[in-house]
Each structure stands twice: as C-alpha cells, then as structure tokens.
Amino acid sequence: GPKVLQIPSHQIIDMGQMVTLNCDPVSNHLYFYWYKQILGQQMEFLVNFYNGKVMEKSKLFKDQFSVERPDGSYFTLKIQPTALEDSAVYFCASSLARADSDYTFGSGTRLLVI
Amino acid sequence: QQQVRQSSQSLTVWEGETAILNCSYENSAFDYFPWYQQFPGEGPALLIAIRSVSDKKEDGRFTIFFNKREKNLSLHIKDSQPGDSATYFCAASAQGGRALIFGTGTTVSVSP
C-alpha cells in the first residue's frame, strides 16, 4: 500500500544543536501529523498540519519546535535547540481526510540527543 | 490526565486462544475509535476501527465491542497466532476533525 517515508531513520545530535526530521507523506494526502514515542510506549500527539498551517498542537509541541511543508517538498519537524528530553522516536503520519480517517504512519526517526 | 486508557500494559495468550484488550476513555466527544498494531522498529498500522454509532465491528479474526454508555471498548483477537504478537494501541478522535489521541498500548505475546 501507499507509504510514508521518513528520513533519516536514526539521528544522533549534540544537545543545543538543531535537527530537522523529514517526512514524505502519501502523495494525495492532505493532513500531516507528528507524534513522539518513548521506549515503545504511548504515542504522544505533537502537531497536525493542513493547507500550510498548524491546525492543532499539544503541550509537548514546545516553542523550540516548528513544522513546515514548502510546496512539493518534505513535511519537516525542526527542533532548535534540542534538549536531552527530546530523545525519542518521532513518527510522521498523513491522512487523506480529517482526523477521523485512516492514518498512514512512517517507520519513525530515532533521535538521540547527547 | 490520560484521555484514553488501556488497562493492561502486557498480555500473554496461548496460540489459538482469544486475546481481549480493553480500552476506556474520558471525553464524551470522542466518536471515532481505531485500533493500531505496531511491530518493533515499525510505525503503527491501522488494524480496525469503529464509530460511536455502532456497538460492534468485525474484520476477520478481529472484533471491536463498543459500549458508549460505559465509555469503554475492547478488541478481541480470535484464534491468536504468533504473528499477532505486537503492541496494540487504542485511539480516539473527537468530532470536528481533531487529531487522534492514543492510549498507552498493550503488548500482546502469543505463545505457540
């Protein structure tokens, strides 16, 4: 089936540096999401994005986080500066319609901040 | 406050048995409840979903039972197979297209 591609699969970065996580969503999907997962446990919602705008964000979406999707390119999550507690697996997802429809998730980017 | 709760962090069943995973929620506005299956090293994948107007949804060996009054639901995996060993997430979203909120997950191990 259609896939969401996440690049890179792993990233190690020094605390305080900037990191950009890239997501190539399913081509005809219109809604995009980032989730954070620690130690294979709960998927924590960060943000959803539609038509070039943040539609909804959680308390975990700190001021150091930003998202964008310039036309025809990746949907990105940028963290600047990074903190130790940002270490987690970040999953990108996309859906054709609004939230009450099927999400397609990528395989995640494993971020380690040292 | 945890909006979507899964009562068991882990569950072990024998091959051929029915695994029952429970989920409860707080927000009465939730009206869409998907279950996602996640294998180690992969992203979650949609398994089966139900809307609050229904009380049961069946797809092969997987069945959701939904109780709107009690604000709980369960996923039944009939004739469990070793390949069903994974983490299962209950999720919910509210009317108006708000993003999915996930539960804490239940890791199922099916022993042959």
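Residues numbered from 1 in each chain as written. Chains lettered and ligands numbered in written order. Predicted model: local features only at pLDDT ≥ 70, side-chain atom pairs only at ≥ 80, totals over all residues. Heavy atoms only, no water.

Another aspect to go through is the packing of aromatic side chains. One pass over the structure, following the stated rule, counts 19 aromatic pairs over all chains. Note on Tyr25 of chain B and Phe33 of chain B: the rings are 4.8 Å apart at their centroids and 45 degrees apart in plane angle, and the pair reads as tilted. When sorted by exposure, Tyr25 of chain B lands in the same class as Phe33 of chain B, which is buried. Seen in terms of ring centroids, Tyr25 of chain B and Phe66 of chain B are 6.2 Å apart; in terms of plane orientation they differ by 5 degrees. Their pairing is stacked. Of this pair, Tyr25 of chain B sits in strand β3 (residues 19-25) while Phe66 of chain B sits in strand β7 (residues 62-67), and the two are 41 residues apart along the sequence. Accessibility assignment for this pair places Tyr25 of chain B and Phe66 of chain B in one class, buried. Cluster of aromatic residues (ring-pair linked, three or more members): Tyr33, Tyr35, Phe45, Tyr103 and Phe105 of chain A together with Tyr36, Phe89 and Phe102 of chain B. (Phe/Tyr/Trp six-rings, centres within 6.5 Å; stacked < 30°, edge-to-face > 60°. Buried < 20%, exposed > 50% of the residue type's maximum accessible area, 1.4 Å probe, protein only. Helix = DSSP H or I, 4+ residues; strand = E, 2+ residues; numbered from the N terminus.)

Sheet strands pair via backbone hydrogen bonds, and the direction of the pair is either parallel or antiparallel. Residues and elements named next belong to chain A. Ordered in space as β1-β3-β8-β7, the four strands form an open sheet in which the pairing is antiparallel. Strand pairing shows two members of the sheet lacking a second neighbour, β1 (5-7) and β7 (65-68), which therefore form its edges. Across the sheet, the axes of successive neighbouring strands diverge by a mean angle of 15 degrees, strand direction being ignored. Pairing geometry for β1 and strand β3 (residues 19-24), over three bridges, is antiparallel. Following the sheet pairing, Leu5 is matched in β3 by Asp24. (Pairing = 2+ DSSP bridges. Axes fitted to C-alpha atoms, helices over the stretch in contact; angles between N-to-C directions.)

All names here are of chain B. Reading across the sheet, the five strands line up as β1-β3-β8-β7-β6 and stay open at both edges, with antiparallel pairing between neighbours. For this open sheet the edge positions go to β1 (4-6) and β6 (56-59), each flanked by a neighbour on one side alone. Along the sheet, successive strands turn relative to each other by an average axial angle of 15 degrees, direction set aside. Pairing between β7 and strand β8 (residues 72-77): six bridges, direction antiparallel. Among the inter-strand pairings, Phe66 is bridged to a residue of β8, identified as Leu73.

Residues and elements named next belong to chain A. In this structure, Leu111 sits in strand β11 (residues 109-113). Considering only alpha carbons, one finds Leu111 and Pro8, 103 residues apart in sequence, at a separation of 9.3 Å. Beyond its immediate sequence surroundings of up to four residues, Leu111 is in contact with Gln11, Ile13, Val19, Ile79, Asp86, Ser87, Ala88 and Tyr90. (Contact = heavy atoms within 4.5 Å.)

Residues and elements named next belong to chain A. Overall, the coordinates contain two disulfides over all chains when judged by the stated rule. For Cys23, the disulfide goes to Cys92, at an S-S distance of 1.9 Å. Across the disulfide from Cys23 to Cys92, rotation about the S-S bond amounts to roughly -65 degrees, and the bridge is consequently left-handed. With Cys23 in strand β3 and Cys92 in strand β9 (residues 88-95), this pair connects stretches of sequence that are 69 residues apart. The exposure class assigned to Cys92 is buried, which follows from its relative accessible area of 0%. (Disulfide = S-S within 2.5 Å.)

Residues and elements named next belong to chain A. Considering the arrangement of structural elements, one finds Gly16 in the loop between β2 (10-13) and β3. Taking the relative accessible area as the measure of exposure, Gly16 reaches 39% and is therefore partly exposed. Expressed as a C-alpha distance, the spacing of Gly16 and Pro70, which sit 54 residues apart in the sequence, is 25 Å.

That is the geometry; function is a separate question.
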